[in-house]
Amino acid sequence: MLDQGAPPHHPTGNAPASPGLGARLMRRKPVERLVAEGGQGEGGSLRRSLGLWQLTMISIGATLGTGIFVVLGEAVPKAGPAVTLSFVIAGLTALFSALSYAELAGTIPVAGSSYSYAYATMGELIAWICGWCLVLEYGVSVAAVAVGWGEYLNDLLDGTIGVTLPAALSAPPGDGGLFNLPALIVVLLAMAFLLGGARESARANTVMVVVKIAALVLFCAIGVQGLRSGNYENFMPLGMAGVSAAGATLFFSYIGFDAASTAGEEAKNAQRDLPRAIMLSLVVVTALYVLVAAVAVGAKPWRDFTDSEAALAQIMREVTGQTFWGTLLAFCAVVAIASVVLTVLYGQTRILFAMSRDGLVPKVFSRVHPKSGAPRANTLIVSLFCGVLAAAIPLGQLADATSIGTLFAFALVNIAVVVLRRTRPDMPRTFRVPLSPVLPALGLGFCVWMMGSLSAVTWVVFGVWMAVGLVFYFVYGHRRSRLAPSEK
């Protein structure tokens, strides 16, 4: 038996051997340390001010509206009337991942969302890859949704004052314009709310969520009057491949349900409320998506759908023969899509906040303003980046790029929940995924299947994005990680 009072023997004779590259890439951050550091930033702390209602509204705000108000016009030509089935498939994919998110959010209630879950279960390199995917998911989706906001703003201006913005200033290069000014404006408006703090932003978001739900209920009530049974004939004209392709595109419309998990360090009772908010928001959103899609394809022949991002307003005008209802819906859509921009931009800033606190991205992203309790510098940088991106890149390319990053991150969450069950079965969990590991495995399988339905161009963009991220990690993050000094 070794003498416990004697110093341990090391291969060098003087100091412990430095861990190899593989060990450094796999270093994990203990769950207890993740939770203990919750809310702490450079120069201040985030404020816990959000309850179950606000968290649920954040998730609904980040999710509801994107697929219906913006991407529906692109999805219907791919699937025909079966676009309703595409929404169901995308919703099931989101549901399986949402179960895993709910368990992990209740167990590790921190701002980093799936990035932090991966850090605790699969190591630093996988966590970085997940975080980099979240930057693609949140940051790029802000830009994508902002593009659609400009379409509805033009529709509103046309219906109220008979004036529209010229194409040169309302569409990005490649879509007939030079610079999408409305897209930039809505991002800057969201930025202004976020600079005031989480509580103020949550209040504004709640009002906008109520408006958007009312708008979709109104659309169904009026649109049902224009239903034609013939529009549902030849239900699946492009086969299951078309349904799958549309589902992969529409998955973009579900990416916000995990936004509540990014508020883990600003929730009053995160372990109790985060799982509930995630599941409640997904149920509400999926039900509304399927209902609105069914009414839309029933009121308008699927071949008449174009790539217009203002499809619902057009249907309202065609059904009623009046401009008023379409203009009203356009107004509601302007408010609704603005809430998506606000809440998704919020999620992006909080993920970068967590990554910065771990040393993987510059400290400026975790700097907290002492008065507002918000990461102001982070918010300014992210908002300006997303605003310029929205003004310069077409919607379709942004939506598909966002979907693949989201699906990859969700796949990792489904793996992480199983890993944490095996490695830390003793941890208290306020929510448990039923039938684990079967349902997480199904969630992983659906994510992989839908990723395979995306175009080759999207995969190339994703590959380039990941390559850039790995270069940044090895040049900057790997060396500056806060876990590194303890291993030297």
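Here, every reference points to the structure presented above.
What counts, and at which threshold
- Residues numbered from 1 in each chain as written.
- Predicted model: local features only at pLDDT ≥ 70, side-chain atom pairs only at ≥ 80, totals over all residues.
- Heavy atoms only, no water.
- Helix = DSSP H or I, 4+ residues; strand = E, 2+ residues; numbered from the N terminus.
- Rg over C-alpha atoms; globule rule 2.2 N^0.38 Å.
- Buried < 20%, exposed > 50% of the residue type's maximum accessible area, 1.4 Å probe, protein only.
- Contact = heavy atoms within 4.5 Å.
- Areas by Shrake-Rupley, 256 points an atom, 1.4 Å probe, with all protein chains shown as cover.
- Lys, Arg positive; Asp, Glu negative; His and termini not counted.
- Charge placed at Lys NZ, Arg CZ, Asp CG, Glu CD.
- Phe/Tyr/Trp six-rings, centres within 6.5 Å; stacked < 30°, edge-to-face > 60°.
- Lys NZ or Arg CZ within 6 Å of the ring centre and 35° of its normal.
- Expected span 1.5 Å × (residues − 1).
- Arc of directions from axis to C-beta.
- Salt bridge = Lys/Arg side-chain N within 4 Å of Asp/Glu carboxyl O.
- Axes fitted to C-alpha atoms, helices over the stretch in contact; angles between N-to-C directions.
- Parallel < 35°, antiparallel > 145°, perpendicular 65-115°, else oblique.
- Left-handed = near helix turned anticlockwise from the far one by under 90°.
- Nonpolar A, V, L, I, M, F, W, Y, C, P; charged D, E, K, R; others polar.
- Patch = residues over 30% accessible without salt bridge, like charges linked within 9 Å, V, L, I, M, F, W, Y side chains within 5 Å.
- Core = buried A, V, L, I, M, F, W, Y, C linked by side-chain atoms within 4.5 Å.

Draft legend 1. Highlighting the overall build of the protein chain. Check the secondary structure of the protein chain and you find 18 helices and 2 strands. Taking 23 Å as the expected radius of gyration for a compact globule of 488 residues, we find that the protein chain reaches 23 Å, a close match to that expectation. In terms of overall dimensions, the protein chain has C-alpha extents of about 90 × 45 × 40 Å along its principal axes. For the protein chain, the residues scored as buried account for 59% of the 488 residues in total. Residue pairs in contact within the protein chain that sit at least 24 positions apart in sequence constitute 84% of those at least 6 positions apart. Per element, the accessible surface of the protein chain, about 18400 Å² overall, is 67% carbon and sulfur. Looking at the protein chain, you have 33 positive and 26 negative side-chain charges, and the mean spots of the two groups are 9 Å apart.

Draft legend 2. Structural view of helix 13 (residues 311–320). The set of residues buried in helix 13 consists of Ala311, Leu312, Ala313, Ile315 and Met316. Remark: glycine 321 follows helix 13 within two positions and exhibits a positive phi of approximately 70 degrees.

Draft legend 3. Spotlight on the packing of aromatic side chains. Throughout the structure, instances matching the rule amount to 17 aromatic pairs. When the centroid spacing of 5.2 Å and the interplanar angle of 40 degrees are considered together, the rings of phenylalanine 87 and tyrosine 289 count as tilted. Of this pair, phenylalanine 87 sits in helix 5 (residues 83–107) while tyrosine 289 sits in helix 12 (residues 270–299), placing them 202 residues apart in sequence. Exposure remark for phenylalanine 87: the relative accessible area of 0% places this residue in the buried category. When its relative accessible area of 0% is taken as the criterion, tyrosine 289 is described as buried. Among the aromatic side chains, those forming a connected cluster through ring pairs are Trp128, Trp132, Trp465, Phe472, Tyr473, Phe474 and Tyr476. Taking the ring centre of phenylalanine 305 as reference, the NZ or CZ of lysine 300 above it sits at 5.9 Å.

Draft legend 4. Structural view of helix 17 (residues 438–452). The end-to-end C-alpha distance of helix 17 is 21 Å, a good match for the 21 Å that 15 residues give at a rise of 1.5 Å each. Listing the buried residues of helix 17 in full gives Leu439, Pro440, Gly443, Cys447, Met450 and Met451. Angular distribution of buried residues about the axis of helix 17 spans 115 degrees; they occupy a single face of the element.

Draft legend 5. Region of interest: the pattern of salt bridges. If you walk through the whole model with that rule in mind, you get 13 salt bridges. Across the pair glutamate 37 and arginine 33 runs a salt bridge, and its minimum N-O distance is 3.1 Å. Here glutamate 37 falls in the buried class, since its relative accessible area comes to 10%. Since its relative accessible area comes to 28%, arginine 33 is described here as partly exposed. The shortest N-O distance in the salt bridge between arginine 482 and glutamate 37 comes to 3.8 Å. Of this pair, arginine 482 sits in the segment after helix 18 (456–480) while glutamate 37 sits in the loop between helix 2 (31–36) and strand 1 (40–41), and the two are 445 residues apart along the sequence. Among the residues examined, arginine 482 registers a relative accessible area of 42% and is labelled partly exposed. Connected through salt bridges with shared partners, the residues Lys29, Arg33, Glu37, Asp358 and Arg482 form a single ionic network.

Draft legend 6. Highlighting the packing of helix 13 against helix 14 (residues 323–357). At a closest axis distance of 7 Å, the pairing of helix 13 and helix 14 adopts a crossing angle of 160 degrees. When the axis of helix 13 is compared with that of helix 14, the two are roughly antiparallel. Between helix 13 and helix 14 the crossing geometry is right-handed. Where helix 13 approaches helix 14, its residues Leu312, Ala313, Met316, Arg317 and Thr320 are matched on the opposing element by Thr323, Trp325, Gly326, Thr327 and Leu329. Across the contact of helix 13 with helix 14, the residue classes tally to 5 nonpolar, 4 polar and 1 charged.

Draft legend 7. Region of the structure containing a positive patch on the surface. Among the surface-exposed residues, Arg47, Arg199, Arg203 and Lys268 lie close enough to one another that they form a single positively charged patch. Here arginine 47 is to be found in the loop between strand 2 (44–45) and helix 3 (52–63). With relative accessibility at 41%, the residue arginine 47 sits in the partly exposed group.

Draft legend 8. Up close: the packing of helix 7 (residues 124–160) against helix 18. Between helix 7 and helix 18, the least distance of the axes is 10 Å, while the angle of their chain directions is 130 degrees. By the angle between their directions, the pair helix 7 and helix 18 is classed as oblique. Here the hand of the crossing between helix 7 and helix 18 comes out right-handed. Residues Glu124, Leu125, Trp128, Ile129, Trp132, Cys133, Val135 and Leu136 of helix 7 form the contact with helix 18, whose participating residues are Phe462, Trp465, Met466, Val468, Gly469, Leu470, Phe472, Tyr473, Phe474 and His478. Considering only residue class, the contact of helix 7 with helix 18 consists of 15 nonpolar, 2 polar and 1 charged.

Draft legend 9. Looking closely at the environment of phenylalanine 472. Locating phenylalanine 472 in the fold gives a position in helix 18. Taking the relative accessible area as the measure of exposure, phenylalanine 472 reaches 32% and is therefore partly exposed. Taking C-alpha positions, phenylalanine 472 is 26 Å from valine 187, a pair spaced 285 residues apart along the chain. When neighbours within four sequence positions are excluded, phenylalanine 472 is seen to be in contact with Trp128, Leu360, Val361, Pro362 and Gly477.

Draft legend 10. Structural detail: the nonpolar core. Counting 154 residues, the largest nonpolar core has Phe69, Val83, Phe87, Tyr152, Phe219 and Leu312 as its most contacted members. Here this core gets 21 residues from one element, more than from any other, and that element is helix 7.

Draft legend 11. Structural context of unusual backbone geometry. Along the chain, serine 436 connects to proline 437 via a cis peptide bond; the corresponding omega equals 10 degrees. Mapped onto the secondary structure, proline 437 falls in the loop between helix 16 (395–423) and helix 17. Of note, asparagine 234 is a non-glycine position whose phi angle comes to about 50 degrees, a positive value. Along the chain, asparagine 234 turns up in the loop between helix 10 (198–223) and helix 11 (239–250). Its identity as a non-glycine residue notwithstanding, leucine 435 has a phi of 55 degrees, on the positive side.

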